[in-house]
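# Coordinates in review
The chain contents come next:
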Amino acid sequence: MRILLVEDNRPLSEWLARTLQKDRYVIECAYDGADAHARLLSERYDLVILDLELPGLAGDEVLRRLRARDNNVPVLILSARDTLAGRVAGLDSGADDYMGKPFEVAELEARIRVLLRRHANHKNPLLRCGALGYDSNTRLFSLGEGPDAAPLQLTPREHALLETLLLKQGQTVSKQALSEALFTLDDNVSPDAVEIYVHRVRKKLLGSDVAIITLRGLGYLLKSQAP
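Predicted model, so just to flag it, every value in this text is computed and none were measured. (Residues numbered from 1 in each chain as written. Predicted model: local features only at pLDDT ≥ 70, side-chain atom pairs only at ≥ 80, totals over all residues. Heavy atoms only, no water.)

Enumeration according to the criterion identifies 19 salt bridges in this entry. Between E107 and R111 there is a salt bridge, with its nearest N and O atoms 2.6 Å apart. Taken together, the positions of E107 and R111, both in helix α5 (residues 105–119) and 4 residues apart, correspond to about one turn of that helix. Connected through shared salt-bridge partners, R2, E28, D35, R39 and E43 make up one network. (Salt bridge = Lys/Arg side-chain N within 4 Å of Asp/Glu carboxyl O. Helix = DSSP H or I, 4+ residues; strand = E, 2+ residues; numbered from the N terminus.)

On to the sheet that holds strand β6 (residues 126–129), then. The strand order across the open sheet formed by 4 strands is β6-β7-β8-β9, and the pairing between neighbours is antiparallel. Two strands close off the open sheet at either side, each with one partner strand: β6 and β9 (150–151). In terms of strand pairing, β6 meets strand β7 (residues 132–135) through 4 bridges, oriented antiparallel. Note on β7: the bridge partner recorded for R128 is G133. Across the sheet, helix α6 (residues 156–167) is in contact with β6, β7 and β8 (140–143); its angle to β7 comes to roughly 100°. (Pairing = 2+ DSSP bridges. Contact = heavy atoms within 4.5 Å. Axes fitted to C-alpha atoms, helices over the stretch in contact; angles between N-to-C directions.)

We now examine the pairing of strand β4 (residues 75–79). A large share of β4 lies buried, amounting to 5 of its 5 residues. Covered by surrounding structure in β4 are V75, I77 and S79 together with L76 and L78, the residues of both alternating faces. Here 3 bridges tie strand β3 (residues 47–50) to β4, and the two strands are oriented parallel to one another. Paired with V48 across the strands is V75, a residue of β4. (Buried < 20%, exposed > 50% of the residue type's maximum accessible area, 1.4 Å probe, protein only.)

In this section: the side chain of S13. By the element assignment, S13 lies in helix α1 (residues 10–21). Those residues in contact with S13 that sit more than four places away from it in its chain are L5, E7, C29 and Y31.

Moving on, we come to the pairing of β6. Residues L127 and C129 point to one face of β6 and are all buried, whereas L126 and R128, pointing to the other face, are not buried. Between the antiparallel neighbours β6 and β7 lie 2 residues, among them G130 with a positive phi of about 60°.

What follows deals with the nonpolar core. Formed by 51 residues in total, the largest nonpolar core has its most connected members in I112, L132, L161, L162, L205, I212 and L222. By size, the runner-up hydrophobic cluster in this structure holds 19 residues, among which are V48, L50, V73 and Y98. (Core = buried A, V, L, I, M, F, W, Y, C linked by side-chain atoms within 4.5 Å.)

Moving on, we get to the sheet that holds β3. One open sheet accounts for 5 strands, arranged β2-β1-β3-β4-β5; its pairing is parallel. Two strands lie at the open edges of the sheet, namely β2 (26–30) and β5 (97–100), each paired on one side alone. Mean inter-strand twist for the sheet, computed between neighbouring axes without regard to direction, equals 20°. Relative to β2, strand β1 (residues 2–6) runs parallel, the two being bridged by 5 bridges. Along β2, the bridge assignment pairs I3 with I27. Contacts from α1 reach β1, β2, β3 and β4 within the one sheet, and its direction differs from that of β2 by about 170°.

Turning our eyes to something else, we now look at the packing of α6 against helix α8 (residues 193–205). Running from amino to carboxyl end, α6 crosses α8 at an angle of 85°, the nearest separation of the two axes being 10 Å. Regarding the angle of α6 to α8, the classification is roughly perpendicular. Every residue of α8 that contacts α6 at R157, E158, L161 and L162 is listed here: V194, Y197, V198, R200, V201, K204 and L205. (Parallel < 35°, antiparallel > 145°, perpendicular 65-115°, else oblique.)

Following the criterion strictly, the structure yields 2 aromatic pairs and no others. Between the aromatic rings of Y134 and F141, the centroid separation amounts to 4.3 Å while the plane-to-plane angle is 25°, which identifies the pairing as stacked. There is no split in this pair, since Y134 and F141 are both buried. Its end group placed over the ring of Y31, R10 keeps NZ or CZ at 3.7 Å from the ring centre. (Phe/Tyr/Trp six-rings, centres within 6.5 Å; stacked < 30°, edge-to-face > 60°. Lys NZ or Arg CZ within 6 Å of the ring centre and 35° of its normal.)

Next up on the list: α6. For α6, with 12 residues, the first-to-last C-alpha span of 16 Å sits near the 16 Å given by 1.5 Å per residue. Across the 12 residues that make up α6, a large majority, 10, are buried. Buried within α6 we find E158, H159, A160, L161, L162, E163, T164, L165, L166 and L167. (Expected span 1.5 Å × (residues − 1).)

Note that predicted coordinates carrying low pLDDT should not be read in detail. Looking at the protein as a whole, the pLDDT averages 90, with 100% of positions reaching at least 70. At the low end of the mean pLDDT range in the protein sits helix α7 (residues 175–182), at 88; at the high end sits β3, at 96. (pLDDT = per-residue confidence, 0-100.)

Below, the structure written as structure tokens:
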């Protein structure tokens, strides 16, 4: 899951980015409204965490321009402007959720999970594809069912790849979409990087009824091969 964090307070932004990265999210940071606007024009994100008091282009304007383009990426406003009028204005402008500062990290993480599930049309936090299970609350994968289920050990990028495929199971996911889920603008990515991670995850799924199918020229599909 790729998140754009828009916050001009650099110590807060860097701390929050490290915290969310521990939850296996791919985080990109923008420190002003103009940078956030430019990134949202050219990149795809699963969620935007948006401060309102930004230098240059205000967060309200970033949100207005985003929705004017019919971009429906979930937006969670995180702002010190924590008044009833401010919350109402933010939600009426197209934000999906609003939290005031200071905030509790556990609550922010829970709201992020809810927004991501809602956007993916998955209300149940427990997802399955054959023997593969995923708890979107703990963000942990397992293979098997019941007492025989075993944790699936994945690196952060392997996790991002499998999560993207599972949330879109039944749909073909393009190589470009997987690349955007795995890497940030600052990463130096080789042309075959996605194939390398697909190969690694396939090896970890060996022996189960779940496979990543390659559709030449189209992308990848996660599929259960159970009868």
